[in-house]
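Coordinate analysis (summary)
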Amino acid sequence: MATIVDCPTCGAKVEWTEKNKYRPFCSERCKQIDLGAWAEEKYAIPAVNLPQENDQDTLQ
């Protein structure tokens, strides 16, 4: 039995098999929409605000 996942773009049910060349997406369209969102920097990984070098001098 194949694993079924949700398409990250539209939420459609997608079979996770080698014959689905767009996995985890349901189609090339959804894959391109996701790629466009990354290119427009709509997705971001949150950064931890580390102290700068000047801030460390004041802590000592």
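Details of the structure are given in the entry above.
Anyway, here's the lowdown on the structure attached to this text. (Residues numbered from 1 in each chain as written. Predicted model: local features only at pLDDT ≥ 70, side-chain atom pairs only at ≥ 80, totals over all residues. Heavy atoms only, no water.)

**Details of the pairing of strand β2 (residues 13–16)**
Rules: A pair of strands is considered paired only if DSSP assigns at least 2 bridges between the two. Going along the chain from the N terminus, every DSSP run of H or I of four or more residues is numbered as a helix, and every run of E of two or more is numbered as a strand.
In this structure, strand β1 (residues 3–6) lies alongside β2, joined through four bridges in antiparallel fashion. Bridge pairing in β2 links V5 to V14. Counting the residues that bridge the hairpin from β1 to β2 gives six residues, and of these G11 lies at a positive phi of roughly 85°.

**Here we look at the pattern of salt bridges**
The following threshold applies: By definition here, a salt bridge exists when the distance from a side-chain nitrogen of Lys or Arg to a carboxyl oxygen of Asp or Glu is within 4 Å. Exposure classes here rest on a 1.4 Å probe applied to the protein chains alone. A residue is buried below 20% of its type maximum, exposed above 50%, and partly exposed in between.
As enumerated under the stated definition, the model contains two salt bridges in all. K13 serves as the salt-bridge partner of D6, at 2.8 Å between the closest nitrogen and oxygen. Across the pair E40 and K42 runs a salt bridge, and its minimum N-O distance is 3.2 Å. Of the two residues examined, E40 and K42, each falls in the exposed class.

**Re the environment of T9**
Rules: Contacts were defined at the residue level, with two residues in contact if any of their heavy atoms lie within 4.5 Å. Identification of polar contacts relies on pairs of N or O atoms within 3.5 Å, with a donor-acceptor requirement for protein atoms, meaning one able to donate a hydrogen and the other able to accept it, and with residues adjacent in sequence counted only if both atoms are side-chain atoms.
Mapped onto the elements, T9 comes out in the loop between β1 and β2. For T9, a relative accessible area of 32% gives the class partly exposed. Sequence-distant contacts of T9, defined by excluding residues within four places in its chain, comprise F25, C30, I33 and D34. Among the polar contacts made by the side chain of T9, one reaches the main-chain carbonyl oxygen of C30 at a distance of 3.1 Å.

Any functional reading would require information that these geometric values do not contain.
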